[in-house]
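These are the residues of each chain, in order.
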Amino acid sequence: MTTVTVDNLSKRYGSTVALDAVDLTIGVGVTGLLGPNGAGKSTLLRCLATALGPDAGSIRVHGFDPAVPAQRTEVRRRIGYLPQNPGLYPHFTAYDLLDYVAVLKEMTDTQRRRAEVRRVLDEVELTDRAKTKVRKLSGGMRQRLGLAQALLGDPELVILDEPTVGLDPEQRMSFRALISRIGERRTVLLSTHQTEDVGALCERVVVMSGGRVVFEGGPKELAGVAEGQVWLSESPPVRNTAYWRNADGLYRTVGPRPDGAEATRPSIEDGYLLLLGTAVATGAVR
Ligand SMILES: Nc1ncnc2c1ncn2[C@@H]1O[C@H](COP(=O)(O)OP(=O)(O)OP(=O)(O)O)[C@@H](O)[C@H]1O
């Protein structure tokens, strides 16, 4: 089922084109948004979260149009948003912070609000930290608290801007498990620089570059972009400029076949890097 439809969306900051006629449809499950710095990911997520108005084009969330003031509230009720730097108040306890956000989200019935705060604390496994001040939480716990505030009100669309940044491998794994659970019945749109996150979590992936969508498909399809272009050889390739020695002592390279090299299975990262290189080389994006 389609949850979000983006049509011809454009946004400039002065002379910088951040979004250049973006078309996109997103449905239930976890969709990863990949792209280099400045690709326009955060701008797209901010527009979807109704925190920023586009210059042109349209957005529909469950059929509601955020450009229409009366429908914007309907959109906001259906959205949970974790921005890149959520700025959680350091002197609040985890519980008080969530209670405060719940008030901002118009949960006026005290009993129901308290129950909802307890529910999201439980969902992100922070119940035992309810009375801990934000400044005393670890980075991973803070990210989970950020996620908890996005889940208040059980939104159908959850927008997460680089949620795994700064997490150690263990924290990242537990965060992934959490996001995967959340995506079982909701639409989750997650921007990331980590191709591993996409491989581990996402049913669909969207790649942006220079304000445009340059790929939409499954993670396997993204890896497939590099099919027949990833090689292993026993000696350093002569023609290929970028290569590295892997754990087996073989030289891995992407691009033309080095002499004597054997083809190997491409990763999502190979596909992603080749796609970006091709998009820039062919002038499809800036
Ligand atoms: N408030 C702003 N004022 C001016 N320019 C901005 C503003 N926000 C973003 N930009 C510019 O718009 C372009 C897209 O930025 P955006 O933050 O959306 O990209 P991104 O893909 O999220 O990058 P990153 O991965 O670094 O967060 C960049 O060139 C950026 O410098």
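Residues numbered from 1 in each chain as written. Predicted model: local features only at pLDDT ≥ 70, side-chain atom pairs only at ≥ 80, totals over all residues. Heavy atoms only, no water.

Peer 1: Sorry, what's going on with the environment of L88 here?
Peer 2: As for its position among the elements, L88 is in the loop between β5 (79–82) and α3 (94–104). Owing to a relative accessible area of 16%, L88 belongs among the buried residues under this scheme. Sequence separation between L88 and R135 is 47 residues, and the spatial gap between their C-alpha atoms is 8.9 Å. Leaving out residues up to four positions away in the same chain, L88 has contacts with L97, V134, R142, L145 and G146. (Helix = DSSP H or I, 4+ residues; strand = E, 2+ residues; numbered from the N terminus. Buried < 20%, exposed > 50% of the residue type's maximum accessible area, 1.4 Å probe, protein only. Contact = heavy atoms within 4.5 Å.)

Peer 1: Can you walk me through the packing of aromatic side chains in this structure?
Peer 2: Ring pairs (aromatic) are described by centroid distance and by the angle formed between their planes. Inspection of the entire model under this criterion finds three aromatic pairs. Considering the side-chain rings of Y89 and Y100, the 5.8 Å spacing of their centres and the 65° angle between planes classify their relative orientation as edge-to-face. With Y89 in the loop between β5 and α3 and Y100 in helix α3, this pair connects stretches of sequence that are eleven residues apart. Of the residues examined, Y89 reaches a relative accessible area of 41% and is grouped as partly exposed. (Phe/Tyr/Trp six-rings, centres within 6.5 Å; stacked < 30°, edge-to-face > 60°.)

Peer 1: Would you take a moment to explain the packing of helix α5 (residues 139–151) against helix α6 (residues 169–182) for this structure?
Peer 2: Working note: a packed helix pair is described by the angle between its axes plus the distance between those axes. Relative orientation of the contacting elements α5 and α6 amounts to 15°, with a least axis distance of 10 Å. Between α5 and α6, the interaxial angle falls into the category roughly parallel. α6 is crossed by α5, and the crossing has right-handed handedness. When α5 is examined against α6, the residues G139, G140, Q143, R144, L147 and L151 are found in contact with a partner set consisting of Q171, S174, F175, L178 and I182. (Axes fitted to C-alpha atoms, helices over the stretch in contact; angles between N-to-C directions. Parallel < 35°, antiparallel > 145°, perpendicular 65-115°, else oblique. Left-handed = near helix turned anticlockwise from the far one by under 90°.)

Peer 1: Whenever I open this one, the sheet that holds strand β10 (residues 230–233) confuses me. Can you help?
Peer 2: Sheet strands line up and pair through hydrogen bonds in the backbone, either parallel or antiparallel. Taken in spatial order, the four strands line up as β11-β12-β10-β13 in an open sheet, and their pairing is antiparallel. In this open sheet, the two edge strands, each paired with only one partner strand, are β11 (243–245) and β13 (262–263). Looking at chain direction, β10 and strand β12 (residues 251–254) are connected through four bridges and run antiparallel. Residue pairing across strands places W231 opposite T253, the latter belonging to β12. (Pairing = 2+ DSSP bridges.)

Peer 1: Even after reading the chapter, I still don't get the site of the ligand, so can you show me in this structure?
Peer 2: Close contacts around the ligand come from 14 residues, with G38, G40, K41, S42 and T43 the closest. Here A39 contributes a backbone N or O atom positioned 3.0 Å from an oxygen atom of the ligand. Interatomic distance of 3.0 Å between a backbone N/O atom of G40 and an oxygen atom of the ligand. Protein chains bury 64% of the 630 Å² of accessible surface belonging to the ligand in isolation. In this structure, the ligand is accommodated by the second largest pocket. Of all the secondary structure elements, the ones that give two or more residues to the shell around the ligand are β2 (16–27) and α1 (41–48). Ranked by the residues each element gives to the shell around the ligand, the list is headed by α1, at three residues. Taken together, the residues of the shell around the ligand break down into four nonpolar, eight polar and two charged. (Near = heavy atom within 4 Å. Polar contact = N/O pair within 3.5 Å; in protein donor to acceptor, adjacent residues only side chain to side chain. Areas by Shrake-Rupley, 256 points an atom, 1.4 Å probe, with all protein chains shown as cover. 1 Å grid on protein atoms, 1.4 Å probe; cavity = no way out; pocket = protein on both sides within 12 Å on 5 of 7 lines; lining within 4 Å. Sits in = over half its atoms within 2 Å of the grid points. Nonpolar A, V, L, I, M, F, W, Y, C, P; charged D, E, K, R; others polar.)

Peer 1: Can you walk me through the nonpolar core in this structure?
Peer 2: Buried together is how nonpolar side chains tend to be arranged in soluble globular proteins. Ranked by internal contacts, the top residues of the largest apolar core, which has 45 residues, are L145, V207 and L222. Counting the residues that make up this core, at least three belong to each of domain 1 (2–222) and domain 2 (225–281). When residues no more than four places from it in sequence are discounted, the contact partners of L222 are L34, V205, V207, F215, I268, G271, Y272 and L275. (Core = buried A, V, L, I, M, F, W, Y, C linked by side-chain atoms within 4.5 Å. Domains from an automatic or database assignment.)

Peer 1: What is the right way to look at the sheet that holds strand β9 (residues 212–217) in this model?
Peer 2: The strand order across the open sheet built from six strands is β5-β6-β7-β3-β8-β9, with neighbouring strands paired in mixed fashion. Unpaired on one side and paired on the other, β5 and β9 mark the two borders of the sheet. The sheet shows a mean angle of 15° between the axes of neighbouring strands, taken without regard to direction. Note: strand β3 (residues 29–34) against strand β7 (residues 187–192), six bridges, orientation parallel. By the bridge assignment for β7, L33 is matched with S191.

Peer 1: Before we go on, may I ask you to explain the environment of G139 in this structure?
Peer 2: Structurally, the position occupied by G139 is in helix α5. Setting aside chain neighbours within four positions, we find G139 in contact with L167 and Q171.

Peer 1: I'm lost on the side chain of R172 in this one. Help?
Peer 2: On the secondary structure map, R172 appears in helix α6. Of the side chains with opposite charge, D197 comes closest to the buried, unpaired R172, at an N-O distance of 4.3 Å. In contact with R172, other than residues within four places in its own chain, are T164, L167, Q194 and D197. (Lys, Arg positive; Asp, Glu negative; His and termini not counted. Salt bridge = Lys/Arg side-chain N within 4 Å of Asp/Glu carboxyl O.)

Peer 1: Explain the pairing of β5 here, please?
Peer 2: Across a regular strand the side chains alternate sides, sitting on one face of the sheet and then on the other. Of the two faces of β5, the one lined by I79 and Y81 and the one lined by G80 and L82 are each fully buried. Inspection of the sheet shows β5 paired to strand β6 (residues 157–161) by four bridges, in the parallel sense. When the sheet's bridge partners are listed, I79 is paired in β6 with L157.

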